[in-house]
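# Secondary and tertiary structure notes
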Amino acid sequence: MRVKICGITQPQQSLAIANLGATALGFICVQTSPRYVTIEQIRAAVSPLPDNIDKIGVFANSSILQISEVVQASNLTGVQLHGDETPEFCYQLRQILPNIEIIKALRVRNLQQLETTANYIDYVDSLLLDAYHPQQLGGTGKTLDWEMLQAYKPSRPWFLAGGLTPDNILTALNQIHPNGIDLSSGVERSPGDKDLDKVALLFAKLKSL
Ligand SMILES: O=C(O)c1ccccc1N[C@@H]1O[C@H](COP(=O)(O)O)[C@@H](O)[C@H]1O
């Protein structure tokens, strides 16, 4: 299973988190977020990482030009689209960045909205389900209704996100079986400052699966 730790801001934490077992690290390119990082910060955090770690930039309602500039300047391997990007936008982005993983994040409020993820299947590599919050785009610590996801089986790999912590991860994964998980606020001391003890505890819990 893929394990993405998101909202890395400190270069010295990125290799430490990869060494603990993360398969992907996420960098927030949304300027309103307390976890926002510049191109220079991403480059510093990405440079010590081995090739087998996915380096994902998280964007929300950025233009294709803005995304492609950041991706090319920071050596990212993927993008997570966390805003209101349409399937058409994902298609256009694919034309510009054919070798970059496209993950479409959806902030799911209810079952009807969950069904709209089908519209993205042909245009993205992976889906990511996060909890809906009326004021914040992400990193909210709010969990999804896991029961609602028990029958969710899209024809693309998908990540479960939203309020996951070392304490609740096994409860979530005993109910649902995503291809990956994504954690941010559940493994940090304060926004952008990851707690390596919590990250280690997460991987210890995952070993027991
Ligand atoms: O983390 C942020 O600040 C953020 C800002 C804008 C868009 C997405 C953001 N984070 C993403 O939110 C989810 C869930 O986070 P949490 O585990 O509930 O704290 C995760 O996918 C982050 O990539």
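Residues numbered from 1 in each chain as written. Predicted model: local features only at pLDDT ≥ 70, side-chain atom pairs only at ≥ 80, totals over all residues. Heavy atoms only, no water.

Heads up, the rule is: UniProt positions are given in the numbering used here, feature names are shortened, and annotations may be inferred rather than shown by experiment.
Where an unreviewed UniProt entry is consulted, the protein chain appears under the name N-(5'-phosphoribosyl)anthranilate isomerase, with the organism given as Sphaerospermopsis torques-reginae ITEP-024. Quoted verbatim from the Sequence similarities (unreviewed entry) field of UniProt, the annotation for the protein chain is "Belongs to the TrpF family."

## Quick notes on the packing of aromatic side chains
Heads up, the condition is: Only centres within 6.5 Å qualify two rings of Phe, Tyr or Trp (six-membered ring in Trp) as a pair; their planes then separate them into stacked at under 30 degrees, edge-to-face at over 60, and tilted for everything else. Secondary structure elements follow DSSP: runs of H or I of four or more residues count as helices, runs of E of two or more count as strands, with numbering from the N terminus. Any residue under 20% of the maximum accessible area for its type is buried, any over 50% is exposed, and the rest in between are partly exposed; the area is computed with a 1.4 Å probe on protein chains only.
Evaluation of the coordinates by the stated rule reveals two aromatic pairs. With centroids separated by 6.1 Å and ring planes inclined at 85°, the aromatic side chains of Tyr91 and Tyr123 adopt a geometry described as edge-to-face. Separated by 32 residues along the polypeptide, Tyr91 in helix α4 (residues 87-96) and Tyr123 in the loop between α5 (111-115) and β6 (126-131) bring together distant segments of the chain. Note on Tyr91: relative accessible area 36%, which makes it partly exposed. We classify Tyr123 as partly exposed; its relative accessible area is 29%. Ring plane angle 85° and centroid distance 5.0 Å describe the contact between Tyr152 and Trp158, whose orientation is recorded as edge-to-face. Its relative accessible area of 3% is what places Trp158 among the buried residues.

## Topic: the packing of helix α3 (residues 64-74) against α4
Selection criterion: Helix axes use the C-alpha atoms of the stretch in contact, all axes being lines fitted to C-alpha atoms, and the angles between their N-to-C directions lie in the range 0 to 180 degrees. Any angle that falls under 35 degrees is termed roughly parallel, while one over 145 is termed roughly antiparallel, one within 65 to 115 roughly perpendicular, and all others oblique. The crossing is said to be left-handed when, going from far helix to near helix, the turn is anticlockwise and less than a right angle, and right-handed when the turn is clockwise. Every residue pair with non-hydrogen atoms within 4.5 Å of one another is taken to be in contact. Note that Gly is not counted as nonpolar here; it falls among the polar residues with everything else outside the nonpolar set of Ala, Val, Leu, Ile, Met, Phe, Trp, Tyr, Cys and Pro and the charged set of Asp, Glu, Lys and Arg.
Where α3 contacts α4, the two axes come as close as 10 Å, and the packing angle between them is 40°. One way to sum up the angle between α3 and α4 is to call them oblique. Here the hand of the crossing between α3 and α4 comes out right-handed. Mapping the contact onto sequence places Ile64, Ile67 and Ser68 in α3 and Phe89, Gln92, Leu93 and Ile96 in α4. Split by residue class, the contact of α3 with α4 holds five nonpolar, two polar and no charged.

## Topic: unusual backbone geometry
Of note, the phi angle at Asn61 is positive, near 60°, even though the residue is not glycine. Structurally, Asn61 can be placed in the loop between β3 (54-59) and α3. The exposure class assigned to Asn61 is partly exposed, which follows from its relative accessible area of 45%.

## A word on the pattern of salt bridges
Cut-off, in case you're wondering: By definition here, a salt bridge exists when the distance from a side-chain nitrogen of Lys or Arg to a carboxyl oxygen of Asp or Glu is within 4 Å.
Applying the stated criterion to the full structure yields nine salt bridges. Here Lys194 and Glu188 are joined by a salt bridge, their closest N and O atoms 2.7 Å apart. The exposure classification of Lys194 matches that of Glu188, with both residues buried. Between Asp193 and Arg189 there is a salt bridge, with the nearest N and O atoms lying 3.1 Å from each other. Take Asp193: its relative accessible area is 17%, and that puts it in the buried class. Counted as one network, the salt bridges with shared partners bring together Arg2, Asp54 and Glu101.

## Focus on the side chain of His133
Counted only if it meets this: Polar contact is defined as a pair of N or O atoms within 3.5 Å, subject to the rule that within protein one atom must be able to donate a hydrogen and the other to accept it, and that residues adjacent in sequence are counted only when both atoms are side-chain atoms.
Considering the arrangement of structural elements, one finds His133 in the loop between β6 and β7 (158-160). A distance of 3.0 Å separates a polar side-chain atom of His133 from the backbone nitrogen of Gln135. A polar contact of 3.0 Å, which involves the side chain of His133, links it to the backbone nitrogen of Gln136. The residues touching His133, leaving out its near neighbours within four places in the chain, are Thr140 and Lys142.

## Considerations on the site of the ligand
Filter applied, for reference: The rule for a residue being near a molecule or strand is that one of its heavy atoms must lie within 4 Å of it. Accessibility throughout is a Shrake-Rupley quantity obtained with a 1.4 Å probe, and a residue counts as covered only by protein chains that appear here. Both site types are read off a 1 Å grid over the protein atoms alone. A 1.4 Å probe that fits but cannot get out defines a cavity, while an open set with protein on both sides within 12 Å along at least five of seven lines defines a pocket; lining residues have an atom within 4 Å of a point. Each molecule is assigned to a cavity or pocket provided more than half of its atoms lie within 2 Å of the corresponding grid points.
Taken together, the neighbourhood of the ligand is formed by 23 residues, with Ser33, Arg35, Gly139, Asp182 and Ser185 sitting nearest. Take Gln80: an N or O atom from its side chain is 3.2 Å from an oxygen atom of the ligand. Within the backbone of Gly139, one N or O atom sits 2.8 Å away from an oxygen atom of the ligand. Notes on the ligand: free accessible area 520 Å², of which the protein chains cover 98%. Comparing atom positions with the cavity grids shows the ligand to sit within the largest pocket.

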